Amino acid sequence: MLRNALFATLSVGFLTTAPSVRALASEVTTCVDSSEQEIAALFDRWNNSLATLDPTRVAANYSPTAVLLPTLSNTPRNTPAEIEDYFVHFLHKKPQGTINERTIKLGCNQASDVGIYTFTLQDEQGKTTTAVARYSYVYSYQNGQWLIDHHHSSLMPEPVGRN
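1. Quick word on helix H5 (residues 80–90)
Line of reasoning, step 1. Residues Ile-83, Tyr-86, Phe-87 and Phe-90 constitute the buried set of H5. On an axial view of H5, the arc spanned by its buried residues comes to 95°, and they lie on one face.
Line of reasoning, step 2. If you follow the buried residues of H5, they end up packed against helix H3 (36–51), helix H4 (55–59), strand S1 (62–69) and strand S3 (110–122).

And the structure:
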């Protein structure tokens, strides 16, 4: 019993004097207001950055710790440089996306946009093709802006139109 009381006293003393613990205890999370329309517009921002054909501008939509599981590569991209590298190659296809269907969920400084989109792509001869894919974006609010923390995109596993 005395040992437990001594441990509790030491623990309280440590918690009240450790600077990092005091800083964590004093931080209060403030949730930014968001709406489904605001989160939907983040796809438009990303899609518009694709139209610039500038991989640096596209990569600027992603947080420094983002993970990209891209549509046309088997390699997960876990760093800003890897994400930008993916778009160096993907942008050669002049991609433009349209949302077919989506579900948006809102949380405290986080949101997700999940659904199906269709991309129009061009080959080197200018021939246009489309690719229908499932997607998920997880956004977080960081330093005054919404950034992509996680982006997954995969081609549909069955021919479109079949269930």
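More follows now that the structure is in view.
2. Re the nonpolar core
Line of reasoning, step 1. Core analysis: the largest hydrophobic core is formed by 28 residues, its most contacted members being Trp-46, Tyr-62, Phe-87 and Tyr-137.
Line of reasoning, step 2. For this core, the secondary-structure elements that each account for two or more residues are H3, H4, S1, H5, S3, strand S4 (128–142) and strand S5 (145–155).
Line of reasoning, step 3. Counting residues per element, this core draws most heavily on H3, at six residues.
Line of reasoning, step 4. Beyond its immediate sequence surroundings of up to four residues, Trp-46 is in contact with Val-58, Asn-61, Tyr-62, Phe-87, Phe-119, Tyr-137, Ile-148 and His-151.

3. A closer look at the confidence of the model for the protein chain
Any residue range with low pLDDT should be treated as having predicted coordinates unsuitable for detailed reading.
Line of reasoning, step 1. Overall, the prediction assigns the protein chain a mean pLDDT of 87, with 82% of residues at 70 or greater.
Line of reasoning, step 2. Note on residues 1–18: pLDDT is under 50 here. Beyond four places in sequence and across chains, it has five contacts.
Line of reasoning, step 3. Counting contacts from residues 20–26, a segment whose pLDDT is below 50, to residues more than four positions away or on other chains yields five contacts.

4. Quick look at the side chain of Ser-112
Line of reasoning, step 1. In this structure, Ser-112 sits in strand S3.
Line of reasoning, step 2. Judged by relative accessible area, which is 18%, Ser-112 ranks as buried.
Line of reasoning, step 3. Setting aside anything within four residues of it in sequence, one finds Ser-112 in contact with Ile-39, Thr-103, Ile-104, Lys-105, Tyr-137 and Val-138.

Procedures and definitions
In this convention, every chain numbers its residues from 1, walking through the sequence in written order. Predicted model: local features are reported for residues with pLDDT of at least 70 only, side-chain atom pairs are reported and counted for 80 or more only, and whole-chain, interface and lining totals are derived from all residues. Computation of side-chain values covers all heavy atoms of the structure but excludes hydrogens and water. The buried label applies to any residue whose accessible area, calculated with a 1.4 Å probe on protein chains only, is under 20% of its type's maximum; exposed applies above 50%, and partly exposed to all values in between. Segments assigned H or I by DSSP are reported as helices when at least four residues long, segments assigned E as strands when at least two residues long, and all are numbered from the N terminus. For this quantity, the arc is that covered by the directions from the helix axis to the C-beta atoms. Should any heavy atoms of two residues lie within 4.5 Å, those residues are counted as being in contact. Only buried residues count toward a nonpolar core, which is a set of Ala, Val, Leu, Ile, Met, Phe, Trp, Tyr and Cys residues joined through side-chain atoms within 4.5 Å. The quantity known as pLDDT measures the predictor's confidence residue by residue, on a range of 0 to 100.

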